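Each chain is listed here by its residues.
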Amino acid sequence: MGRYDKEDIIRMVEEEDVEFIRLQFTDIFGMLKNVAITSGQLEKALDNRCMFDGSAIEGFVRVDETDMYLYPDLDTFEIFPWRPQQGKVARLICDVHCPDGTPFEGDPRYVLKKVLKEAEDMGYRFNVGPECEFFLFHMDEEGKPTTTTHEMAGYFDVGPVDLAENVRRDIVLNLEDMGFDIESSHHEIAPAQHEVDFQYESGLRAADNILTFKMAVKTIAKRHGLHATFMPKPKAGVNGSGMHINMSLEDEFGKNMFADDKDERGLSRLGYQFMAGILFHIKSMTILTNPLVNSYKRLIPGYDAPTYIAWSTASNRAQLIRIPSSKGASTRIELRSPDSAMNPYLALAACLAAGLDGIKKQMNPPKAVCRSVYSMTEEELREQGISQLPETLGEAIEAFENDEFLQKVLGKHIYTKYLAAKKKEWNEFRSQVTDWEIGEYLYKF
């Protein structure tokens, strides 16, 4: 059962003096879009009669197929706590549909919902707990973002060393006002870097929350005169920002299907199979979990981000996947490669589909790697069958191209348009001449 029906939404809008409602959706790259309506148009929106020009959204439809409709998910109704108290602003996250009423195959939210339905048909519910990292930087005199910060705080530091402690608190309080369950927040390892961790939610709600979180962080940071960025590696020489994804499956009664107290790591056979599926598909998935040229500046040795395809237990945080020490109902696997530039709908759909594939095919993961992969020789890596994640967006494109598994997960529409856009991005990057190249080669050659 949902939380709200149409009458609930109409009543809350009237009682709370909501004047504007933002009908939100995303393009295939996870960029948040919206159509804003006044409260007078609410009933029309709730009847799924709000239309927009799909040809204006990258990766959607051609100019001769422009009419698309927004179907609000009533359970996503929230009032923005940072907006005025008179004439409030609320939002509804929407699914995108075609004029004939069918779901639009280019809607990333639809892609995730399809894989969640597949899991449900197998008897599983997908739970996700994201760990979201970001930087807070100063803006210049014209209000443009910089990578400048005055603070020098590090891991878990507090004020007054942590100069943005109040900003982070403001972010958390606003999110809690919107119904988020925040598990913790703290300063991260790099100066100006922060992390906020969510409690476990269902897969769809977790993806919705990630987008809402990014919007809230950017909005509240700006109110404090700062720019929040989820760019994976905005500064060289310091750690980049990731979005570790904690995952588990539960049955219809809420029992954690990954838990097994008889296993030395507390993980069930189903959990190992799910992990094996992700390890098997991770190379082709990486373009979804790490979608930018810049994403691969984070995935290099020495900065607490994984570069090799391996897994281990709680004590080893250098691996791609680790099994945290929590047992019982909290048993989970943690995928450590993704970053916050990802489209959460597509990335979570790929993770779940890969895990389910591991279960269907009863895959077994390779042996756990209980030492640092960075201390291993090339020969040792080969002997243990440990390969690397893609090192560039170009390599990720090669792994993604012609991957029939992900074509099926994403659908032909998104797969084709996403691949074409990433090829274009990579080719544009390769054509650039960087400051490093000028400084390194202009004088010598």
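Residues numbered from 1 in each chain as written. Predicted model: local features only at pLDDT ≥ 70, side-chain atom pairs only at ≥ 80, totals over all residues. Heavy atoms only, no water.

(A) Spotlight on the packing of helix H5 (residues 203-223) against helix H8 (residues 344-360). Here H5 crosses H8 at 150°, and the two axes come no closer than 9 Å. As H5 packs across H8, the resulting crossing turns out to be right-handed. On H8, the residues that touch Gly203, Leu204, Ala207, Asp208, Ile210 and Leu211 of H5 are Pro344, Tyr345 and Leu348. (Axes fitted to C-alpha atoms, helices over the stretch in contact; angles between N-to-C directions. Helix = DSSP H or I, 4+ residues; strand = E, 2+ residues; numbered from the N terminus. Left-handed = near helix turned anticlockwise from the far one by under 90°. Contact = heavy atoms within 4.5 Å.)

(B) Representation of the pairing of strand E6 (residues 88-97). For E6, the buried fraction is high: 10 of the 10 residues fall into the buried class. Of the two faces of E6, both are covered, the one formed by Lys88, Ala90, Leu92, Cys94 and Val96 as well as the one formed by Val89, Arg91, Ile93, Asp95 and His97. Relative to E6, strand E1 (residues 18-26) runs parallel, the two sharing 6 bridges. Note on E6: the bridge partner recorded for leucine 23 is leucine 92. Across 4 bridges, the pairing between strand E4 (residues 67-72) and E6 is antiparallel. Bridge pairing links tyrosine 69 to histidine 97 in E6. Summarising the sheet, strand E5 (residues 78-79) and E6 pair through 2 bridges and their orientation is antiparallel. Of the residues in E6, the one forming a bridge with glutamate 78 is arginine 91. (Buried < 20%, exposed > 50% of the residue type's maximum accessible area, 1.4 Å probe, protein only. Pairing = 2+ DSSP bridges.)

(C) The packing of aromatic side chains, seen in detail. Here the structure, examined in full by the defined rule, presents 19 aromatic pairs. Ring centres of phenylalanine 134 and phenylalanine 213 lie 6.0 Å apart, and the angle between their planes is 65°; on these two criteria the pair is classed as edge-to-face. With phenylalanine 134 in strand E7 (residues 125-138) and phenylalanine 213 in helix H5, this pair connects stretches of sequence that are 79 residues apart. The class for phenylalanine 134 is buried, based on a relative accessible area of 0%. Among the residues examined, phenylalanine 213 registers a relative accessible area of 0% and is labelled buried. When the centroid spacing of 5.1 Å and the interplanar angle of 70° are considered together, the rings of phenylalanine 198 and phenylalanine 213 count as edge-to-face. With phenylalanine 198 in strand E9 (residues 193-198) and phenylalanine 213 in helix H5, this residue pair connects regions lying 15 residues apart in the sequence. Residue classification places phenylalanine 198 among the buried residues on the basis of a relative accessible area of 5%. Site record: aromatic cluster; members linked through ring pairs are Phe134, Phe180, Phe198, Phe213 and Phe230. Across the ring face of phenylalanine 230, the terminal group of lysine 214 is positioned such that the distance to the ring centre comes to 5.6 Å. Against the face of tyrosine 303 rests lysine 233, its NZ or CZ located 3.8 Å from the ring centre. (Phe/Tyr/Trp six-rings, centres within 6.5 Å; stacked < 30°, edge-to-face > 60°. Lys NZ or Arg CZ within 6 Å of the ring centre and 35° of its normal.)

(D) The arrangement of the state of the cysteines in detail. Enumeration over the complete set of coordinates arrives at 0 disulfides. Between cysteine 50, a cysteine without a disulfide, and cysteine 94, which holds the nearest cysteine sulfur, the sulfur-to-sulfur distance is 8.0 Å. Under the relative-accessibility criterion, cysteine 50 is labelled buried at 8%. The thiol of cysteine 351 is unpaired, and the distance to the nearest cysteine sulfur, on cysteine 132, comes to 14 Å. (Disulfide = S-S within 2.5 Å.)

(E) Inspection of helix H11 (residues 404-430) at higher detail. Compared with an ideal rise of 1.5 Å per residue, which puts 27 residues at 39 Å, H11 spans 27 Å between its outermost C-alpha atoms and falls more than 12% short. The sharpest bend along H11 reaches about 115° and sits at glycine 411. Every buried residue of H11 is accounted for by Leu406, Val409, Leu410, Gly411, His413, Ile414, Tyr415, Tyr418, Leu419, Ala421, Lys422 and Trp426. If you follow the buried residues of H11, they end up packed against helix H3 (108-121), helix H6 (269-289), H8 and helix H10 (393-400). (Expected span 1.5 Å × (residues − 1). Bend = angle between axes of the 7 residues up to and from the residue.)

(F) Representation of the pattern of salt bridges. Summed over all chains, the structure comprises 23 salt bridges. Here aspartate 8 makes a salt bridge to arginine 11, at a shortest N to O gap of 3.4 Å. Taken together, the positions of aspartate 8 and arginine 11, both in helix H1 (residues 6-15) and 3 residues apart, correspond to about one turn of that helix. Residues glutamate 401 and lysine 423 are paired through a salt bridge, measuring 2.6 Å at the closest nitrogen-oxygen approach. In this pair, glutamate 401 is assigned in the loop between H10 and H11 and lysine 423 in helix H11, connecting sequence segments 22 residues apart. Residue classification places lysine 423 among the partly exposed residues on the basis of a relative accessible area of 31%. Through salt bridges with shared partners, a single ionic network connects Asp73, Asp95, Arg109, Lys113 and Asp208. (Salt bridge = Lys/Arg side-chain N within 4 Å of Asp/Glu carboxyl O.)

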